[in-house]
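A look at the structure
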Amino acid sequence: MYTTMKTFFTAENGSVILFRGRLVRFSGATDGKHGEICYNVWEVRNMITMEDIIREGHPTLQKRAEEVDLPLDDGTKNTLVKMRRFLINSQDETMREEYGLREGVGLSAPQIGLSKRMIAIHTLDEDFEEHHDYLIINPSIVSHSVAKTYIPGGEGCLSVDREVEGVVPRHKRVSVHGHFYDSDKDTVEERTIRLRGFLSVVIQHELDHLNGILFTKRTVGELEHAEPIEFKLPESTEDESAPEGDNNRTPKEEKA
Ligand SMILES: [Zn+2]
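Below is a summary of the structure that appears in this document. Given the structure is predicted, the values throughout are model-derived calculations rather than measurements.

About the thresholds
Residues numbered from 1 in each chain as written. Predicted model: local features only at pLDDT ≥ 70, side-chain atom pairs only at ≥ 80, totals over all residues. Helix = DSSP H or I, 4+ residues; strand = E, 2+ residues; numbered from the N terminus. Buried ≥ 20, exposed ≤ 12 C-beta atoms within 10 Å, placed from the backbone. Contact = placed C-beta atoms within 7 Å. Pairing = 2+ DSSP bridges. Core = buried A, V, L, I, M, F, W, Y, C linked by C-beta atoms within 7 Å. Expected span 1.5 Å × (residues − 1).

**Some thoughts on the overall build of the protein chain**
- Secondary structure summary: the protein chain contains four helices and 12 strands in total.
- Counting all 256 residues of the protein chain, 32% fall into the buried class.
- When contacts within the protein chain are restricted to residue pairs at least 6 apart in sequence, long-range pairs at least 24 apart make up 69% of them.

**Things to note about unusual backbone geometry**
- The amide bond that connects Leu70 to the next residue, Pro71, takes the cis arrangement and shows omega of 0°.
- Here Pro71 shows up in the loop between β4 (37–43) and α1 (74–90).
- Positive phi, normally seen in glycine, also occurs at Asn138, with a value near 50°.
- Among the secondary structure elements, Asn138 is positioned in strand β7 (residues 131–144).
- Phi at Asp186 is positive, roughly 55°, even though this residue is not glycine.
- Within the element layout of this structure, Asp186 appears in the loop between β10 (173–182) and β11 (187–196).

**A short note on the sheet that holds strand β12 (residues 226–228)**
- Sheet architecture is open: three strands sit in the order β9-β8-β12, paired in mixed fashion. The sheet is open, and its two borders are formed by β9 (170–171) and β12, each paired with just one other strand.
- Here three bridges tie strand β8 (residues 148–150) to β12, and the two strands are oriented parallel to one another. Within β12, the position partnered with Tyr150 by the bridge is Pro228.

**Thoughts on the nonpolar core**
- With 39 residues, the main nonpolar core has Leu107, Met118, Ala120, Ile121, Val202 and Ile203 as its most contacted residues.
- Contributing elements (two or more residues each) for this core: α1, β6 (118–124), β7, β10 and α3 (197–210).
- Examining the composition of this core, we find that seven residues originate from one element, α3, more than from any other.
- Dropping the residues within four chain positions of it, Ala120 is found in contact with Leu80, Met83, Arg84, Leu87, Gly106, Leu107 and Leu135.

**So, α1**
- An ideal rise of 1.5 Å per residue puts 24 Å on 17 residues; α1 measures up with 24 Å between its terminal C-alpha atoms.
- Considered for burial, the residues of α1 that qualify are Thr79, Leu80, Met83, Arg84, Arg85, Phe86, Leu87, Asn89 and Ser90.

Following this line, the structure appears as structure tokens:
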């Protein structure tokens, strides 16, 4: 959704303004003292915010979501794009502050009140190396490991506004089959992916939402015979003298 445009007025990087009837957010460098400027434009109209996310206790979060018809219609594609964009926005400090977002790595359609079997995932793995970016329609687990894992600090959820004690046992590895939507190419591909560790936890958390299950129903006090996920902080973060708070980003604080 990035577009390069040329326009004739100035705006500070990160500011959101009304431009030709659209709310756009500017980022990128100016190429002149005055007059013509090149910007990357991020359209923020129609974005999902925390107001769109339903919370614990809502009946839609407690029922099995319906299969999505294929081929995808335009409305469904638009919803998927918005779900992905929410996660990207939520991981951007400026957007997070501006719109009061909570940081998320996964989002399911039922969480925005739409009882459909589709999920968005947008995150790095626990080694902060590989980026995973999925929009999956009608996902299902086709196989999983016997071995279990868990996030040591417990899970979080955009639909749960309270601290929940305990950890959630999850399969250490899963294979997930589904139809994957590529919003840049506007293509749908049926395939099976294998995920391990943190990604395996995230996708199981999102799949639970499609079956009306919140992680709060799965928490246990302690776990034996399960290996905790170890997050390897990137070296650049360790080098920075980052201030307290949101800048000290760790995956266990992210919500799904
Ligand atoms: Zn959740």
